[in-house]
Amino acid sequence: MSDITLRNVCKSYDKEHYAVKDFNLDIHDGEFVIFVGPSGCGKSTTLRMIAGLEEITGGELWIDKQLCNYIEPKDRDLSMVFQNYALYPQMTVYDNMAFALQIRKVPKQEINQKVHEAAAILGIEQLLKRRPGQLSGGQKQRVAIGSAIMRRPKAFLMDEPLSNLDAKLRAQMRVELADLHKRLGTTTIYVTHDQTEAMTLGTRIVVMKDGFIRQADTPSAIYEDPADLFVAGFIGSPSMNFMEGTIHKNGEGADFVLASGQKLEIPKQKAEIMVERYHNKKVILGIRPEHFSEKFKKENANLSADRCGLTGTIVVKEMLGAESIFYLKERSALEFSARLSVETQGRPGDELRLYVDMNRVHFFDTKTEKNIFYHGGQQ
Ligand SMILES: Nc1ncnc2c1ncn2[C@@H]1O[C@H](COP(=O)(O)OP(=O)(O)OP(=O)(O)O)[C@@H](O)[C@H]1O
Ligand SMILES: [Mg+2]
């Protein structure tokens with residue numbers, strides 16, 4: 001177990017482009033840190049630099065107060081699990097798991113004990129005599145993770161370890177990984193594309209774009225208090241709705257006005273700043289699909305009901321069982337999605353009036369794309 005620190009870490013493969021730029025992060029002992037971001041943003045590169053599989057172009061990597069830029073991968077004492085876990089097909093599960101320790105000349109008795117311990121943790125004891133060809137995808141993945149935990153490394157580095165599994169198995173393995181982390185407490189860095197994995201497994205999420213960190217914070221802070229338009233749109237499914245509109249003073253308060261003329265009242269605590277900085281100017285409003293409802297809620301009691309809702313025409317209704325996602329078109333042709341209860345009536349072509357939880361919406365500056373009321377996280 002250990003701390004991992006990256007100081008101004010950069011990577012360029014070809015001198016002209018940076019795959020990772022000025023990466024600063026303190027990962028504390030026992031943390032489960034998730035790297036997310038669009039394809040090509042530098043997640044795997046960062047992980048591979050930490051593992052020592054990729055040379056660091058600039059900056060410093062510290063593991064347990066030791067500068068590690070030039071330490072050989074095998075001496076860093078980290079275990080990596082890849083998306084395409086490589087098991088030796090001709091060897092049994094037992095030998096696959098024992099292999100790393102056998103080449104390190106660990107005594108047989110000790111290896112035997114460790115293999116059985118790891119197999120017990122992952123519930124694969126009954127599979128030890130089989131060969132990889134006789135295992136399901138999820139079982140192979142468990143063997144790969146078993147091999148990784150055997151050594152009790154300082155940290156686990158996992159690059160999309162579950163992405164080859166079907167949805168049900170992924171969900172099951174996700175719970176097992178969370179449980180494993182709770183039991184072993186090993187520092188873990190985990191790359192994923194999966195929103196649910198990021199939100200449920202991570203003690204901290206690092207959102208990356210174009211080689212830079214855009215925000216690093218707890219899952220709830222990333223969700224409730226996104227730093228900018230990119231992070232707000234990237235985390236959450238379906239994505240946050242963005243609407244451009246103008247800020248108008250309205251008596252003591254303020255309204256956000258869409259091109260169609262539909263108005264939303266800005267809560268009192270935000271109205272003053274909005275008028276001061278944006279009166280008659282454009283801003284972008286962000287509303288998560290789950291912050292629409294068919295009924296006027298008491299959370300909005302400080303606002304007027306007639307200026308708390310949006311009317312739209314239903315385009316598509318997706319019934320998901322426990323809830324329904326409505327895709328609607330506002331009068332100015334703006335499209336938005338709303339996550340509503342299964343009881344919500346309405347068919348494509350019908351008009352629907354929805355209330356917005358105005359205390360949970362976000363406002364973004366059109367030029368800087370920053371969240372105007374960002375509270376700030378640890379980074
Ligand atoms: N060996 C390499 N040589 C040159 N460029 C590379 C190399 N490996 C990665 N890159 C580039 O570096 C950037 C970051 O790649 P990286 O693999 O870290 O992305 P990623 O965030 O893991 O993406 P994905 O989600 O698709 O796995 C990309 O632009 C990629 O094309
Ligand atoms: Mg990758």
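About the thresholds
Along each chain, residues carry numbers from 1 onward, in the same order as the chain's sequence is written. Chains carry letters from A onward and ligands carry numbers from 1 onward, assigned in written order. Per-residue local features of the predicted model are confined to residues with pLDDT of at least 70, and side-chain atom pairs are confined, for both listing and counting, to 80 or more; whole-chain, interface and lining totals are unaffected and use all residues. Each side-chain value is derived from all of the structure's non-hydrogen atoms; neither hydrogens nor water enter the calculation. Nearness is defined per residue: one heavy atom within 4 Å of the molecule or strand is enough. Each polar contact in these results corresponds to two N or O atoms within 3.5 Å; when the atoms are within protein, one needs to be able to donate a hydrogen and the other to accept it, and residues that are neighboring in sequence are counted only if both atoms are side-chain atoms. With residues, only the protein chains shown are counted as cover, and all accessible areas are computed by Shrake-Rupley using a 1.4 Å probe. These domain boundaries are the output of an automatic or database domain assignment. In this description, contact between two residues means that some pair of their heavy atoms is separated by no more than 4.5 Å. What counts as buried area is the accessible surface, traced by a 1.4 Å probe, that two parts surrender upon association, with contributions from both included. Only one rule defines a salt bridge in this text: a Lys or Arg side-chain nitrogen within 4 Å of an Asp or Glu carboxyl oxygen. Secondary structure elements are defined from DSSP: runs of H or I of at least 4 residues count as helices, runs of E of at least 2 residues count as strands, and each element is numbered from the N terminus. The nonpolar class holds Ala, Val, Leu, Ile, Met, Phe, Trp, Tyr, Cys and Pro. Asp, Glu, Lys and Arg form the charged class, and all remaining residues, Gly among them, are polar. Criterion used throughout: strands pair if DSSP finds at least two bridges between them.

- The protein chain goes by sn-glycerol-3-phosphate ABC transporter ATP-binding protein UgpC in an unreviewed UniProt entry, where it is assigned to Sellimonas intestinalis.

## A word on the site of ligand 1
- Around ligand 1, the neighbouring residues are Tyr13, Ala19, Ser39, Gly40, Cys41, Gly42, Lys43, Ser44, Thr45, Glu160 and His193.
- Measuring from an oxygen atom of ligand 1, one finds a side-chain N or O atom of Ser39 at 2.5 Å.
- In isolation ligand 1 offers 640 Å² of accessible surface; the protein chains occlude 55% of this area.

## Structural notes on the domain arrangement of the protein chain
- What the domain assignment reports for the protein chain is domain 1 (4-234) and domain 2 (241-292 + 308-365).
- Taking the mean C-alpha position of each, domain 1 and domain 2 sit 39 Å from one another.
- Contacts between domain 1 and domain 2 engage 9 residues on the former and 8 residues on the latter.
- Both sides of the domain 1 and domain 2 interface together cover about 720 Å² of buried area, and 57% of this is carbon and sulfur.
- The interface formed by domain 1 and domain 2 contains 1 salt bridge.
- Residues Arg360 and Glu224 are paired through a salt bridge, measuring 3.3 Å at the closest nitrogen-oxygen approach.
- The tally of links from domain 1 across to domain 2 stands at 4 residue pairs in polar contact (both at pLDDT 80 or more).
- Secondary structure elements with two or more residues in the side of domain 1 that touches domain 2: α7 (219-224) and α8 (229-234).
- Residues of the side of domain 1 that touches domain 2, tallied by class, amount to 5 nonpolar, 1 polar and 3 charged.

## Re the sheet that holds strand β15 (residues 292-293)
- Strand order in the open sheet formed by 5 strands is β15-β19-β16-β17-β18, with antiparallel pairing between adjacent strands. Since the sheet does not close on itself, it has two edges, and those belong to β15 and β18 (335-341), each with one partner.
- Summarising the sheet, strand β16 (residues 309-319) and strand β17 (residues 323-330) pair through 7 bridges and their orientation is antiparallel. Each bridged residue has a counterpart across the sheet, and for Gly312 the counterpart in β17 is Glu330.

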